[in-house]
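Per-entry structural report
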Amino acid sequence: MSRTDNQNLLHVLSEAAILTDARGFVRYVNPTYCRIFHAPAEEWQQRHAFFGEFETEQSDKSHFTSFVKSQRGDDAKVYLDWQASWMPDGGALYLGRDVTSNRKQDEALREMAATAEEASLSKMRFLATMSHEMRTPLNGILGMTGLLLDSDLDASQRTHAEAVHDSGTALLALINDILDYSKIEAGKLDLEETAFDPQSLVQSVCELLSPRAVHKDLEITSYVDPSVPARLLGDEARLRQILLNLAGNGVKFTETGGVSVTVSAEPTKVPGQVFAKFEVRDTGIGIPAEAQRQIFEEFAQADSSHARKFEGTGLGLSIAQHIVEAMGGEISVESVEGEGSCFSFRVPLNTMTSRHEDSTPREINQTVIALVASSVLHESLERQLTAANVRKVEITDNAETAMRFLKRNSGATFLCDLAFAAQFGTRLAPQAANAIVLLSPVARGRLEAFRRAGFHGYLIKPIRQSSLVERITNRSMPNRNVQRLDSLTNKPAPGPRKLRILLAEDNQINAVLATAIVKRAGHHIDVAGNGKEAVENIANAPYDVILMDMHMPEMDGLDATRKIRSMGGAASETPIIALTANAMRSDRENCMNAGMDDFITKPFEPGDLLTLIHRWADGREGAEAEPAVGLAQEVSS
Ligand code: ADP
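Described below are features of the structure shown in this document. (Residues numbered from 1 in each chain as written. Predicted model: local features only at pLDDT ≥ 70, side-chain atom pairs only at ≥ 80, totals over all residues. Heavy atoms only, no water.)

Let us now look at the nonpolar core. Leu239, Leu243, Leu246, Phe278, Phe343, Phe345 and Val347 are the most contacted members of the largest nonpolar core, which totals 46 residues. In contact with Val347, other than residues within four places in its own chain, are Leu239, Val274, Phe275, Ala276, Phe278, Val324, Met327 and Gly329. In terms of nonpolar packing, the next biggest core, distinct from the first, is built from 27 residues, Phe414, Ala421, Ala443 and Leu447 among them. (Core = buried A, V, L, I, M, F, W, Y, C linked by side-chain atoms within 4.5 Å. Buried < 20%, exposed > 50% of the residue type's maximum accessible area, 1.4 Å probe, protein only. Contact = heavy atoms within 4.5 Å.)

Structure below.
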């Protein structure tokens with residue numbers, strides 16, 4: 001093709017075209033170029049090729065973008081995307097495509113995204129503020145009804161107060177769910193990575209739910225497979241949240257049987273990483289096949305008629321799914337209507353210890369005979385005892401069979417569930433070398449009767465794997481939920497010393513509430529109505545712990561803390577615990593940065609507040625040795 005043919009083609013092209021010689025001088029520009037650059041072809045001849053202006057320095061000579069003012073005379077610009085091709089004679093052909101409309105679209109999209117981001121952030125800020133505002137009165141409602149329920153009430157007053165308390169608790173769960181959901185929607189789900197013990201994670205979930213399960217006469221059990229490393233790295237609080245949701249649903253939707261929470265591990269392709277697989281299985285009402293697909297969606301409930309019977313928002317599973325996916329994992333459900341459900345999720349987690357470190361415990365050369373009726377407990381004991389490598393395990397739900405086993409194995413350890421122990425304990429326990437009754441936390445009052453029946457010890461359900469092993473091998477000292485009955489005397493535990501507490505709180509109801517909780521535990525409390533008064537109080541008298549509200553008139557909790565910390569002397573080192581209705585992580589950071597030592601979110605359980613106070617009053621070391629597990633501690637200690 002001759003040059004003229006080429007130029008004919010370029011002549012009709014809708015893209016701007018410049019043809020140059022080897023020195024870069026223009027040999028030809030096409031009509032599109034002339035139109036965009038507002039000058040006839042002759043004007044460009046024998047001049048250096050002109051591309052307009054550049055937004056950035058062109059680093060690539062064969063592909064670059066430039067712009068030129070449009071002919072409209074206003075500030076509008078025409079953007080051109082240039083592509084160069086080199087000629088054999090050293091010249092070049094530049095083709096410029098008009099990309100103005102793409103740029104405009106990109107800009108509009110960027111603007112839209114920024115507006116949406118701003119909108120969702122302000123929605124989140126709004127929800128965070130609202131949830132804070134709602135928590136404060138809820139703290140009053142829950143705390144005061146809690147106090148009321150601890151007082152002498154007749155049956156109908158008790159029912160009414162319980163209804164207020166239950167409704168308040170449901171409202172609190174709803175507020176937490178909505179706040180969480182809005183965080184997820186705004187893309188603000190920050191995941192932490194810290195070391196945690198998977199065994200204590202699943203145990204604490206079961207212990208927290210145990211009172212609810214016991215109330216419905218259900219078993220709740222946990223099992224950690226030996227494949228699971230002793231330490232994992234991940235967001236423990238978020239994993240606990242998912243497990244509490246799934247196991248909480250399990251308890252909610254089950255009438256007979258129970259719930260089991262298990263964790264196992266599989267290798268991934270990445271060294272130092274495993275898939276942690278959590279399973280929450282229940283023997284409840286199950287979920288119809290058609291509903292299984294939808295329940296992970298927001299506000300979905302399997303059967304809207306259930307909603308009236310079972311309270312809930314339908315947000316829990318959706319939140320769980322979002323968190324699992326943010327962790328790079330997946331969640332699913334298998335269920336048969338009328339038989340039960342199994343929710344499982346798998347997340348990749350980095351490990352701190354090698355997989356095999358703890359995986360094959362030495363054989364426990366013992367026979368263990370268990371008499372339990374519940375299939376959930378049966379299965380859990382079987383797995384726990386097998387994982388512990390117990391030489392021989394016999395589990396039955398028949399007292400006569402248990403008796404036969406016991407007679408045949410004189411040195412055996414005998415595990416006997418509460419109901420059987422009450423009925424057949426006197427006959428069975430004396431047959432065993434080591435007879436242990438399995439109790440729910442509320443049945444502790446009957447320990448003396450079991451001791452007289454011939455039992456040697458007890459285990460509190462949900463049974464901790466480590467306690468079970470300890471109890472069978474009798475290796476170590478009794479701990480919190482495994483005890484020898486003969487060591488039980490009526491000697492009262494030494495009471496905690498009387499502490500001096502300073503509370504800075506402007507909300508009168510909350511002040512009355514905290515005062516009642518602290519006084520009931522036998523401590524002295526002074527109340528300061530704002531941060532300034534608190535600073536004055538602490539300057540005048542020593543305190544063991546300061547409880548500090550965040551928002552107060554005149555001087556807020558953060559400023560008061562900074563003032564106290566800068567005062568010098570012993571008073572400036574008094575432990576300060578923030579009492580706040582703000583549930584965001586950044587609030588905790590603000591408190592810590594201001595010099596506070598700990599943080600409790602309103603509404604709080606009285607027991608949790610006291611645990612924190614005692615921990616800080618007894619010094620930091622105690623604090624690290626025994627992390628708070630909230631309710632669980634009350635249940636199993
Ligand atoms: P909520 O329980 O607050 O309604 P979820 O998102 O946790 O919200 O659960 C959504 C729905 O899934 C529940 O309302 C219930 O219909 C069904 N569901 C969840 N877990 C179970 C379970 N273990 N057994 C039976 N149905 C369940």
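Now that the structure has been shown, we can carry on.
Attention shifts here to a positive patch on the surface. A cluster of basic side chains, namely Arg391, Lys392, Arg404 and Arg408, defines a positive patch on the protein surface. Elements that contribute at least two residues to the positive patch include exactly strand E14 (390-396) and helix H12 (399-408). Mapping Arg408 onto the fold places it in helix H12. Judged by its relative accessible area of 58%, Arg408 is exposed. (Patch = residues over 30% accessible without salt bridge, like charges linked within 9 Å, V, L, I, M, F, W, Y side chains within 5 Å. Areas by Shrake-Rupley, 256 points an atom, 1.4 Å probe, with all protein chains shown as cover. Salt bridge = Lys/Arg side-chain N within 4 Å of Asp/Glu carboxyl O. Lys, Arg positive; Asp, Glu negative; His and termini not counted. Charge placed at Lys NZ, Arg CZ, Asp CG, Glu CD. Helix = DSSP H or I, 4+ residues; strand = E, 2+ residues; numbered from the N terminus.)

What follows deals with the packing of aromatic side chains. On inspection of all chains with the given rule, the structure shows 17 aromatic pairs. Both rings, one in Trp86 and one in Tyr94, keep their centres 6.2 Å apart while their planes meet at 90°; by these two values the pair is edge-to-face. Taking relative accessible area as the criterion, Tyr94 reaches 12% and is therefore assigned buried. Between Phe296 and Phe343, the ring centres sit 6.2 Å apart and the planes meet at 75°, which makes this aromatic pair edge-to-face. Of this pair, Phe296 sits in the loop between helix H8 (289-292) and helix H9 (304-309) while Phe343 sits in strand E12 (residues 340-351), placing them 47 residues apart in sequence. For the pair Phe296 and Phe343, one class covers both residues: buried. Three or more aromatic residues joined by ring pairs form one cluster here, namely Phe51, Phe54, Phe64, Trp82, Trp86 and Tyr94. (Phe/Tyr/Trp six-rings, centres within 6.5 Å; stacked < 30°, edge-to-face > 60°.)

What follows covers the environment of Gly90. With respect to the helices and strands, Gly90 occurs in the loop between strand E4 (77-86) and strand E5 (92-98). Dropping the residues within four chain positions of it, Gly90 is found in contact with Asp21 and Ala22.

Take helix H15 (residues 465-473) next. The buried count for H15 comes to 7 of 9 residues, which makes it a mostly enclosed element. Taken as a whole, H15 has its buried residues at Gln465, Ser467, Leu468, Val469, Glu470, Arg471 and Ile472. Where H15 ends, the next residue or the one after it, Asn474, has phi of about 60°, a positive value.

Turning our eyes to something else, we now look at the environment of Ala534. In this fold, Ala534 is placed in helix H17 (residues 531-540). Remark: the alpha-carbon pair of Ala534 and Ile546, spanning 12 residues in sequence, is separated by 8.7 Å. Those residues within four positions of Ala534 in sequence are excluded, and the remaining contacts are Leu502, Ala504 and Ala528.

The next thing to look at is the pairing of strand E22 (residues 576-580). For E22, the tally of buried residues reaches 5 of 5 residues, placing the bulk of the element in the interior. Burial of E22 is two-sided: the residues Ile576, Ala578 and Thr580 facing one way and the residues Ile577 and Leu579 facing the other way are all buried. Handedness of the β-α-β unit built from strand E21 (residues 545-549), helix H18 (residues 557-565) and E22 comes out right-handed. In this sheet, strand E23 (residues 598-601) lies alongside E22 in parallel orientation, the contact comprising 4 bridges. From the neighbouring strand, Ile577 faces E23, where its bridge partner is Asp598. (Right-handed = clockwise from strand over helix to strand, strands pointing away. Pairing = 2+ DSSP bridges.)

What follows deals with the sheet that holds E21. Strand order across the open sheet formed by 5 strands is E20-E19-E21-E22-E23, with parallel pairing between neighbours. In the strand order of this sheet, the two ends are held by strand E20 (524-528) and E23, each with one partner. Pairs of neighbouring strands in the sheet enclose a mean axial angle of 20°, with direction left out of account. Summarising the sheet, strand E19 (residues 500-504) and E20 pair through 5 bridges and their orientation is parallel. Directly across from Ile501, in E20, lies its bridge partner Ile525. (Axes fitted to C-alpha atoms, helices over the stretch in contact; angles between N-to-C directions.)

Two elements in contact, helix H4 (residues 100-149) and helix H5 (residues 155-185), have axes whose closest approach is 9 Å; the angle formed by their N-to-C orientations is 160°. Regarding the angle of H4 to H5, the classification is roughly antiparallel. Read as a crossing pair, H4 and H5 show a hand that is left-handed. Residues that form the contact of H4 with H5 fall into these classes: 16 nonpolar, 8 polar and 6 charged. (Parallel < 35°, antiparallel > 145°, perpendicular 65-115°, else oblique. Left-handed = near helix turned anticlockwise from the far one by under 90°. Nonpolar A, V, L, I, M, F, W, Y, C, P; charged D, E, K, R; others polar.)

A separate point is the sheet that holds strand E2 (residues 26-29). Ordered by their spatial adjacency, 5 strands build an open sheet running E2-E1-E5-E4-E3, and the pairing between neighbours is antiparallel. Strands at the two margins of the open sheet, each flanked by one partner only, are E2 and strand E3 (63-69). When the angles between neighbouring strand axes are averaged without regard to direction, this sheet yields 25°. Sheet topology note: the E4/E5 ladder contains 7 bridges and is antiparallel. By the bridge assignment, Trp86 is partnered in E5 with Ala92. Its contacts with the sheet place H4 against E4 and E5, and it is angled at close to 125° to E4.

Here we come to the pattern of salt bridges. For the structure shown, the criterion picks out 25 salt bridges. Between Glu207 and Arg464 there is a salt bridge, with its nearest N and O atoms 2.7 Å apart. A residue pair is termed long-range when its members are at least 10 positions apart, and Glu207 in helix H6 (residues 198-215) and Arg464 in the loop between strand E17 (457-460) and H15 qualify at 257 residues. The pair formed by Glu207 and Arg464 is uniform in burial state, with each residue classed as buried. Residues Glu219 and Lys461 are paired through a salt bridge, measuring 3.0 Å at the closest nitrogen-oxygen approach. You can see Glu219 sitting in strand E7 (residues 219-224) and its partner Lys461 sitting in the loop between E17 and H15, a full 242 residues away along the chain. Judged by its relative accessible area of 12%, Glu219 falls in the buried class. Here the residues in one salt-bridge network are Glu219, Asp417 and Lys461, joined through shared partners.

Shape is all these values report; function is a separate question.
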